[in-house]
Amino acid sequence: MTKRSQTKRLYIRDVAVGGGAPVIVQSMTNTDTRDTEATCAQIARLAEAGCELVRVAVPDEDAALALKRIIIHSSLPVIADIHFDHRLALMALDQGVDGLRLNPGNIGGRAEVRKVAVAAKSRGVPIRVGVNAGSLDKDLLEKYGRPSPEAMVESAQKEIALLEDADFDMIKISVKSSDVMDTVAAYRLMAQKTDYPLHLGVTETGTLISGTVKSSLGLGLLLSEGLGDTVRVSLTRDPVDEVRVAYEILRAVDLRHRGPEIISCPTCGRCEIDLFSLVEEVENRLSRVVSPIKVAVMGCVVNGPGEARSARVGVAGGRGQGVLFKEGKLVSKIPEKDLANVLVNEVNRLLEKEKLSD
Ligand code: SF4
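Basis of the calculations
- Along every chain, residues carry numbers that run from 1 in the direction the sequence is written.
- Side-chain atom pairs in this predicted model are given and counted only at pLDDT of 80 or more, local residue features only at pLDDT of at least 70, and totals for whole chains, interfaces and linings cover all residues.
- Here the side-chain values reflect all heavy atoms present in the structure, with hydrogen atoms and water set aside.
- Here a cavity denotes grid points, spaced 1 Å and computed from the protein atoms alone, that fit a 1.4 Å probe unable to get out, and a pocket denotes an open set having protein on both sides within 12 Å along at least 5 of 7 lines; residues with an atom within 4 Å of a point are the lining.
- Grid points are joined across faces, edges and corners, and a volume is the space filled by probe spheres set on the points.
- Secondary structure counts use DSSP, requiring at least four H or I residues in a row for a helix and at least two E residues in a row for a strand, with both numbered from the N terminus.
- Here the nonpolar group is Ala, Val, Leu, Ile, Met, Phe, Trp, Tyr, Cys and Pro; Asp, Glu, Lys and Arg are the charged ones; every other residue, Gly included, is treated as polar.
- A domain assignment, automatic or from a database, supplies the domain bounds used here.
- Salt-bridge detection follows one rule: a side-chain nitrogen of Lys or Arg within 4 Å of a carboxyl oxygen of Asp or Glu.
- Remark: exposure states derive from per-residue accessible area (1.4 Å probe, protein chains only) relative to the maximum for the residue type, with buried under 20%, exposed over 50%, and partly exposed in between.
- Strands were regarded as paired on the criterion that DSSP finds at least two bridges between them.
- Orientation is described by axes fitted as lines to C-alpha atoms, over the contacting stretch for helices, and by angles from 0 to 180 degrees between their N-to-C directions.
- By the definition adopted for this analysis, an angle is roughly parallel if under 35 degrees, roughly antiparallel if over 145, roughly perpendicular if from 65 to 115, and oblique otherwise.
- Each helix crossing is assigned a hand: it is left-handed if the near helix lies turned anticlockwise from the far helix by less than a right angle, otherwise right-handed if that turn is clockwise.
- Throughout, a residue-residue contact means that at least one pair of heavy atoms, one from each residue, lies within 4.5 Å.

Report on the layout of surface pockets, specifying residues and quantitative values.
Reported here for the largest pocket is a volume of approximately 760 Å³. For the largest pocket, the lining is made up of 28 residues, of which Arg244, Val245, Glu248, Glu283 and Ser287 are closest to its centre. At the level of secondary structure, the elements contributing two or more residues to the lining of the largest pocket comprise helix H1 (36-49), helix H8 (208-224), helix H9 (239-252), strand S11 (260-264) and helix H10 (275-285). In terms of residue count, the dominant contributor to the lining of the largest pocket is H9 (eight residues). A breakdown of the residues in the lining of the largest pocket according to their chemical character gives 12 nonpolar, five polar and 11 charged. Counting contributing residues per domain, the lining of the largest pocket is built from domain 1 (10-252) and domain 2 (260-357), each supplying no fewer than three. A volume near 380 Å³ is recorded for the second largest pocket. If you go around the second largest pocket, you meet 22 residues; those closest to its centre are Met28, Arg55, Thr203, Arg232 and Ser234. Mapped onto the lining of the second largest pocket, the elements with two or more residues apiece are strand S7 (127-132), strand S8 (171-176) and H9. It is S7 that contributes the most residues to the lining of the second largest pocket, three residues altogether. Each residue belonging to the lining of the second largest pocket can be placed in one class, and the counts come to five nonpolar, eight polar and nine charged.

Mind laying out the pattern of salt bridges, listing which residues take part and the relevant values?
For the coordinates displayed, the defined rule picks out 27 salt bridges. Arg13 serves as the salt-bridge partner of Asp98, at 3.2 Å between the closest nitrogen and oxygen. Of this pair, Asp98 sits in the loop between helix H3 (86-94) and strand S6 (99-102) while Arg13 sits in the loop between strand S1 (10-12) and strand S2 (15-17); the two residues are 85 residues apart in sequence, bridging distant segments of the chain. Since its relative accessible area comes to 10%, Asp98 is described here as buried. Owing to a relative accessible area of 36%, Arg13 belongs among the partly exposed residues under this scheme. The salt bridge partner of Glu225 is Arg188, with a shortest N-O separation of 2.6 Å. Remark: Arg188 occurs in helix H7 (residues 180-193) and Glu225 occurs in the loop between H8 and strand S10 (230-231); sequence separation between them is 37 residues. Judged by relative accessible area, which is 36%, Glu225 ranks as partly exposed. According to the relative accessible area criterion, Arg188 is partly exposed, its value standing at 33%. When salt bridges with common partners are traced through the structure, they connect Asp32, Arg34 and Asp60 into a single cluster.

Explain the sheet that holds strand S9 (residues 199-200) to me, and be specific about the residues and the numbers.
Ordered in space as S8-S7-S6-S5-S4-S3-S10-S9, the eight strands form an open sheet in which the pairing is parallel. The open sheet has two free edges, formed respectively by S8 and S9, since each of these has just one partner strand. Direction of pairing for strand S4 (residues 53-57) relative to strand S5 (residues 78-82): parallel, over a ladder of four bridges. In the strand pairing of S5, Val54 is matched with Val78.

Talk me through the packing of helix H6 (residues 149-165) against H7; I want residue IDs and the actual numbers.
The geometry of a pair of packed helices is captured by two quantities: the angle between their axes and the separation between those axes. Orientation of H6 relative to H7, taken along the N-to-C sense of each, is 40°, at an axis distance of 8 Å. As judged from the angle between their axes, H6 and H7 are oblique. Handedness of the H6/H7 crossing: right-handed. Contact residues: H6 offers Pro149, Glu150, Met152, Val153, Ala156, Gln157 and Ile160, while H7 offers Asp182, Ala185, Ala186, Leu189, Met190 and Lys193. A per-class count over the contact of H6 with H7 returns nine nonpolar, one polar and three charged.

Structure (structure tokens):
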């Protein structure tokens, strides 16, 4: 496994970030924060999917005041996302928020940042300096000609200096761009200059496919170099999918393993079962499983048995039927219509048995 870069440890409510803690999965609600019922419901769904930190937008005073109710009902630490008005950060702290995210490009000057830092420190609340290439200081844009990695890092450093001047060091940093390679370069540079924990993300990546590809590439490169303490995949869709993608990225770089790993083939002219529907059904029915388990769903007997054997449970399709493998052994032939049921039941049975023997 890659050696993680050593960062300072901080806590957001009870969640350890940095300093050798596991990489934490974060997401952001896309409900109206003032609608506390909808926001709490979304947070509950995110928590069920494995999200460990949640950020909510605080665009105005009503949203800041809604935080108290959200925090009471949230099983996850809640981070308030503040732009433009430092008073909203102070209000969020008064409501008991667990973390703040400030954007150095637009939160105000030295005096405002100091006020927030003093209030956050007295409550033990960390602050993320969240630099976004799309909202950099004019000065920096003039100096660098574009929102380059160097410009983003300088922006973060300025904000960090303001916080440190106020004797504040519970800091987490992000330097996100919608350009994947700029994002990667910015984090690499940032990591050379600081040992504060890094929150990784590529921003505004788009829909499921483009967002997954950009996030996987950006986060994958950085995580495989040992960088990153928290991650957020940003997608233009239900944030629950962000959490799923984040765990798949972490699994691919061998850092966290949550839920079933489904191995399935793309199908080809040899496939004689409806593999697409079968995989989708199996994936949906196992979506609440938390324990890691490898499950193979293969189209035919060319590569199917090999993959199915190496998984804990697997099937390889034939004509209108499939063969079931369990713990590397061929167990039985199953009619196609029963494959999903049999596979899901076998997975649940195996996990139940493991739980009992723990
Ligand atoms: S496992 Fe069989 S059906 Fe699937 S891609 Fe390979 S050869 Fe084709």
